[in-house]
Amino acid sequence: MADFGGAPAPANESWAQRRTRIARDILRRSVAHAAAGGGTDLAPAPMVNLANVYTDPARFAAEKREIFGKLPLLACLSSDIPKPGDALVFEAAGPSILLVRNSQGIVNAFLNMCTHRGAKLVREPCNRKLFTCPFHAWGFDADGLLAALPGERGFKGLNKEGRKLIAVPVGEWAGMVFVKAHAGDERIDVEAWLGEFAPELAQLELHQTEPVRASVMQTRANWKFALDTYGEGYHFATLHASSIGQTHFTDMTVYERFGRCHRVNFPDKGTARLVGKPEEEWPETEYGAVHFLFPNTILFIGSITPGRVFTQIFRHFPGDAVGDMTTLFAVYAPHGVRDEAYQTEVEMAHDGTRQVVMTEDYRVAAEGWANMAHAPEGWSVVYGANEIALHNQHRAIAEACGLPLPEACA
Ligand code: FES
Ligand SMILES: [Fe+2]
């Protein structure tokens, strides 16, 4: 497992100590909710939202253009391309983008397009010194330079330097790689982009992760409808009666907002055993939470067996039409795979979650989205004060695409 350095921890505590401190704060708030017989964090009021934010093709086009076409997006974790020459293709945001780590360990991003006649250069994750085009075999190195030109006599006088791969804005920080899905030379300042959420992600030490399993999930719903299903625990007892509804409180949320991002915790039922117990007798607390990384990413830290923690990342992308979406789902061992049993459990965390999401959450999303397409003009949905995370993410997304929600919704 490679180490990418990560971000420097604050002077007075390590990232691990910070995680423990924050996990304890979250637990305190969870125990208080359990002591209240089912308390939860609440927004000041419910929020209504026009159903057409999910169905309007004009808003959808604005989201694709202003958000997915212009803003930094999580393209992968550093551990997905740990070694020089490692490359992967990221194309869920629109253009096919090639990410490659060069011999100095720096991640470059390019349009995945040969500069001869535009062919797609790389199709699969790979490790190469030279990326050879499948059409006429032009070869490019990890810095995008044209390094091999078969039949050179046909290209006398060609400015090879001018035939470099076309750069895409990219930045790597704290184990995460971000790109903007368009051509450009910029290095993205990831820490500045994350703002007040930066330390909350840095403390996860994602540079230590090891990828275990990944897949693609798709449904016939607007991408925001699918994203909403990760933000509230109000549906656990009904929709997930045989899975998370068994183990976790329904409609109990510990919520913290960091600008356009937030962290949400859904306490497990074991929390009830701590009510009335002095804090010194509480067991060691393991950090776990759902993180919403604006605009489209859910990063979940959790475990089935205590101590065998996994990191799940769900990145949501609009499809070709307003009612099509894709989720790129990947599961990692946060500090590397220690042994076979652990590997198996992290794989189960992928397969089991995928099963629940596809058959329960995304089924509801597809059915609900189909209904909305036929709702009367001006019909609205309502997010309860208990569905607090949805308020923040809908306002943030609407503002970023230049079509803020009407007064009545805000
Ligand atoms: S298009 Fe790539 S070598 Fe011709
Ligand atoms: Fe769910």
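Residues numbered from 1 in each chain as written. Chains lettered and ligands numbered in written order. Predicted model: local features only at pLDDT ≥ 70, side-chain atom pairs only at ≥ 80, totals over all residues. Heavy atoms only, no water.

## Structural notes on the overall build of the chain
Alright, step 1. The number of helices and strands found in the chain is nine helices and 19 strands.
Alright, step 2. Relative to a compact globule of 410 residues, whose C-alpha radius of gyration would be 22 Å, the chain shows 23 Å and is just as compact.
Alright, step 3. Taken along the three principal axes of its C-alpha coordinates, the chain extends 80 × 55 × 35 Å.
Alright, step 4. When each of the 410 residues of the chain is scored for burial, the buried share is 52%.
Alright, step 5. Look at the contacts in the chain between residues 6 or more apart in sequence, and 63% of them connect residues 24 or more apart.
Alright, step 6. Element-wise, carbon and sulfur atoms account for 52% of the exposed surface of the chain, whose accessible area totals about 18100 Å². (Helix = DSSP H or I, 4+ residues; strand = E, 2+ residues; numbered from the N terminus. Rg over C-alpha atoms; globule rule 2.2 N^0.38 Å. Buried < 20%, exposed > 50% of the residue type's maximum accessible area, 1.4 Å probe, protein only. Contact = heavy atoms within 4.5 Å. Areas by Shrake-Rupley, 256 points an atom, 1.4 Å probe, with all protein chains shown as cover.)

## Some points on the pattern of salt bridges
Alright, step 1. Following the criterion strictly, the structure yields 23 salt bridges and no others.
Alright, step 2. A salt bridge links Arg18 to Glu200, with the shortest nitrogen-to-oxygen separation between them at 3.1 Å. Pair noted here: Arg18 is in helix α1 (residues 15-35) and Glu200 is in helix α4 (residues 198-202), with a separation of 182 residues, a long-range link. Grouping residues by exposure puts Arg18 and Glu200 together as buried.
Alright, step 3. Several salt bridges share partner residues, and in doing so they unite Arg18, Arg29, Asp41, Glu200, Glu256 and Arg263 into one network. (Salt bridge = Lys/Arg side-chain N within 4 Å of Asp/Glu carboxyl O.)

## A short note on the packing of aromatic side chains
Alright, step 1. One pass over the full model with this rule turns up 12 aromatic pairs.
Alright, step 2. Ring centres 5.4 Å apart and planes at 80° place the aromatic pair Trp138 and Phe155 in the edge-to-face group. In this pair, Trp138 sits in the loop between β7 (131-132) and β8 (139-140) while Phe155 sits in the loop between β9 (146-148) and β10 (170-173), placing the two residues 17 residues apart along the sequence.
Alright, step 3. By way of ring pairs, the aromatic residues Phe68, Phe90, Trp223 and Phe317 are connected into one cluster. (Phe/Tyr/Trp six-rings, centres within 6.5 Å; stacked < 30°, edge-to-face > 60°.)

## Considering the coordination of the iron ion (ligand 2)
Alright, step 1. Coordination of the iron ion (ligand 2) by the protein is provided by His235 (NE2), His240 (NE2) and Asp361 (OD), with metal-donor distances spanning 2.1 Å.
Alright, step 2. Along the chain, the residues donating to the iron ion (ligand 2) fall in the pattern H-x4-H-x120-D.
Alright, step 3. Relative accessible area serves as the criterion here: at 3%, His240 is assigned to the buried category. (Donors = N, O, S within 2.8 Å, 3.2 Å for Na, K, Ca; no water.)

## Topic: the environment of Lys160
Alright, step 1. As for its position among the elements, Lys160 is in the loop between β9 and β10.
Alright, step 2. Using a relative accessible area of 34% as the deciding quantity, one classes Lys160 as partly exposed.
Alright, step 3. Each C-alpha atom of the pair Lys160 and His291 lies 45 Å from the other, and the pair is 131 residues apart in sequence.
Alright, step 4. Not counting residues up to four positions away in its chain, the partners in contact with Lys160 are Leu146, Leu149 and Glu152.

## Looking at the pairing of strand β16 (residues 297-303)
Alright, step 1. Counting buried residues along β16, five of its seven residues qualify, which places the element largely inside the surrounding structure.
Alright, step 2. Judged from the five bridges that link them, strand β15 (residues 289-293) and β16 form a sheet pairing that is antiparallel. Directly across from Ala289, in β16, lies its bridge partner Ile301.
Alright, step 3. Between β15 and β16, which pair antiparallel one after the other, the connecting turn spans three residues.
Alright, step 4. Taken together, the seven bridges between β16 and strand β17 (residues 309-318) define a ladder with antiparallel strand orientation. By the bridge assignment for β17, Phe300 is matched with Gln312.
Alright, step 5. Counted along the chain from β16 to the antiparallel partner β17, the turn is five residues long, and its residue Gly307 has a positive phi close to 95°. (Pairing = 2+ DSSP bridges.)

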